[in-house]
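Structure at a glance
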Amino acid sequence: MTAAQQKAQRARGSGRLATKSFGGHTRLDTFYQEGCAKIRLPKSFDGRMEAVLINTAGGLTGGDHIDWTFDVAEGTHLTATTQACERAYKASAFTAMVETRITVGAGARADWLPQETILFDRSSLSRRLDVDLADDATFLAVEAILLGRKAMGERMETGLFRDRWRIRRGGKLIHAEEACFTGDIAGLTEERAVLAGGRAFATVLFCGHNAEAHLEPLRRLLEGSEGGVSHWQDKLVARVVAADGFALRKKLIPVISHLRNGASVPKVWTL
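First, a word on what this report is: a plain description of the structure on this page. Given the structure is predicted, the values throughout are model-derived calculations rather than measurements.

1. Examining the environment of Gly159
- Within the secondary structure, Gly159 is located in strand β13 (residues 158-169).
- Separated by 70 residues in sequence, Gly159 and Val229 place their C-alpha atoms 29 Å apart.
- Leave out the neighbours within four places in its chain, and Gly159 touches Arg122, Ser123, Phe181, Thr182, Gly183 and Ile185.

2. As for the pairing of strand β17 (residues 235-242)
- By the criterion of burial, β17 is predominantly enclosed, with seven of the eight residues buried.
- Sheet topology places strand β15 (residues 200-207) next to β17; eight bridges connect them, and they run antiparallel. Considered in β17, the bridge of Phe206 is made with Leu236.
- Taken together, strand β16 (residues 226-232) and the strand that follows it, β17, pair antiparallel across an intervening segment of two residues, in which Gln233 is found at a positive phi of about 50 degrees.

3. Digging into the environment of His25
- Within the secondary structure, His25 sits in strand β2 (residues 25-35).
- Not counting residues up to four positions away in its chain, the partners in contact with His25 are Lys20 and Gly47.
- Of the polar contacts made by the side chain of His25, one reaches the backbone oxygen of Gly23; its length is 3.0 Å.

What counts, and at which threshold
- Residues numbered from 1 in each chain as written.
- Predicted model: local features only at pLDDT ≥ 70, side-chain atom pairs only at ≥ 80, totals over all residues.
- Heavy atoms only, no water.
- Helix = DSSP H or I, 4+ residues; strand = E, 2+ residues; numbered from the N terminus.
- Contact = heavy atoms within 4.5 Å.
- Buried < 20%, exposed > 50% of the residue type's maximum accessible area, 1.4 Å probe, protein only.
- Pairing = 2+ DSSP bridges.
- Polar contact = N/O pair within 3.5 Å; in protein donor to acceptor, adjacent residues only side chain to side chain.

This is the structure:
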């Protein structure tokens, strides 16, 4: 560690949660939190578990590091979300890191549904999502990014955003993607092949045996939107682009509800 890193105060956080099945309900097996990473478990009455993740540092800046680990046991159902939108602020040096690891057991389901991440101008953020699924596990992930808050006249002009996903089923890699925006981000996102001037975008990934059945319904829900939906090998991927966060959320909520068999988004999304 350099002298500059030792001198600067950085946020550190680590949270771990494991579930177990008891009486047909999802129960808590392991719970750990440290530093600025906190987990709250609202009361549930449907046998499932919802975990609300909180970064008590209030946002991320250069050199911050948070990691989350979830072990969803056989036959259980966990939804993980965030209390509010995560914010990546201007970084004078270094890059903030967020790492998430999720393991989903046989017949289990995990829904990874954090609220939007807002990237402010000159922020620097690198994220990593690693998921290991059992052969018959189900996984839903939605990640949304806002390049500044349009209503506040903000825009991410320059900076760094890197996102790395690795999804495996039965130990075999079934989905890998890398996204990286750096340098002149405002100019890059104006290009038609990138965001065509949009300030908000999201990726939706659904892995499950019935993924193909959701293809046409999602295409209808997103009809007229920038982006698209595709399916192959029990995996469905949707990309959505919008002018701002409000427009993006209006498009995402019906999609999420459909992929959750009619269940709405987590309650904290509407608080």
